[in-house]
Amino acid sequence: MTKSLNGGVLTSDQIQKFLQEGFLQLPGILGETELATVRSDMDEVIRTATSGEDFRFAPGHRDGKDVLSRVEYVVDKSASVRAMLAHPLVLSATEQLAGRDFFPTSDAMVLKMPGQGIAVPWHRDLASTDDYPSEVPVFIADYYLDDADKD
């Protein structure tokens, strides 16, 4: 097994994989209690969502009825999400990949409601464009709160 670098959570093999493939999966970074708390908070955000600036609705793929597809500024809506953003393992991994001087620029929850998922066509986020200088590492960290197929 390869050792982690500078006491960080990522091994040199994981960092190399990230640099070569452009993504890295870190399953189980949240404990069961943390995950249950975040899921509960997000269920409440979803339950109370109303059409407005922070909540996006789009036609579901089955019947075309509008369903919630995105929530902006989730850290403002949930203490558990704020804690997740500052999770020591996540911060350590981020520092290993981006260096010490990093900061989050935005946050959102993208979701596919059961039976009414919204199609998300292949795309590249803003970080993949020429809008950022190449010496500034920009990447997206996603948390998958529910089980999902790999396909």
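The structure displayed is predicted, hence computed values, not measured ones.

The rules behind each value
- Residues numbered from 1 in each chain as written.
- Predicted model: local features only at pLDDT ≥ 70, side-chain atom pairs only at ≥ 80, totals over all residues.
- Heavy atoms only, no water.
- Helix = DSSP H or I, 4+ residues; strand = E, 2+ residues; numbered from the N terminus.
- Buried < 20%, exposed > 50% of the residue type's maximum accessible area, 1.4 Å probe, protein only.
- Contact = heavy atoms within 4.5 Å.
- Areas by Shrake-Rupley, 256 points an atom, 1.4 Å probe, with all protein chains shown as cover.
- pLDDT = per-residue confidence, 0-100.
- Pairing = 2+ DSSP bridges.
- Axes fitted to C-alpha atoms, helices over the stretch in contact; angles between N-to-C directions.
- Salt bridge = Lys/Arg side-chain N within 4 Å of Asp/Glu carboxyl O.

Chemist: For the overall build of the protein chain, give the residues involved together with the corresponding values.
Modeler: Along the backbone of the protein chain there are 4 helices and 3 strands. Element order for the protein chain, N to C, with α for helix and β for strand: α-α-β-β-α-α-β. For the protein chain, the residues scored as buried account for 26% of the 151 residues in total. By sequence separation, contacts in the protein chain at least 24 residues apart represent 57% of the contacts at least 6 residues apart. When the accessible surface of the protein chain is split by element, carbon and sulfur atoms take 52% of a total near 11,300 Å².

Chemist: Explain the environment of Ala36 to me, and be specific about the residues and the numbers.
Modeler: Inspection of the secondary structure puts Ala36 in helix α2 (residues 32-48). For Ala36, a relative accessible area of 44% puts it in the partly exposed group. For the pair formed by Ala36 and Ser80, sequence separation is 44 residues and the distance between their alpha carbons is 9.9 Å.

Chemist: Could you give me a rundown of the confidence of the model for the protein chain, with the residues and numbers involved?
Modeler: When pLDDT drops low, the exact placement of atoms in the prediction is not to be read closely. Mean pLDDT over the protein chain: 82, with 81% of residues reaching 70 or higher. Ranking the helices and strands of the protein chain by mean pLDDT puts α2 first, with 93, and helix α4 (residues 88-98) last, with 88.

Chemist: Go over the sheet that holds strand β3 (residues 108-110), please, and point to the residues and values.
Modeler: Spatially, β1-β2-β3 is the arrangement adopted by the 3 strands of the open sheet, whose pairing is antiparallel. The two strands at the open ends of the sheet, each matched to only one other strand, are β1 (55-59) and β3. Direction aside, the axes of adjacent strands within the sheet are offset by 30° on average. As paired elements, β1 and strand β2 (residues 66-72) share 5 bridges and run antiparallel to each other. Note that in β2 the partner of Phe57 across the bridge is Leu68.

Chemist: Hey, could you go over the pattern of salt bridges for me, with residue numbers and the actual values?
Modeler: Applying the stated criterion across every chain, the model contains 6 salt bridges. The partner of Arg56 in a salt bridge is Glu72, and the shortest N-O contact between them spans 3.0 Å. Note that Arg56 is positioned in strand β1 and Glu72 in strand β2, a separation of 16 residues in sequence. Between Glu95 and Arg100 there is a salt bridge, with its nearest N and O atoms 3.4 Å apart. In this structure Arg100 comes out as exposed when scored by relative accessible area, which is 67%. One connected set of salt bridges, linked through shared partners, spans Arg56, Arg70 and Glu72.

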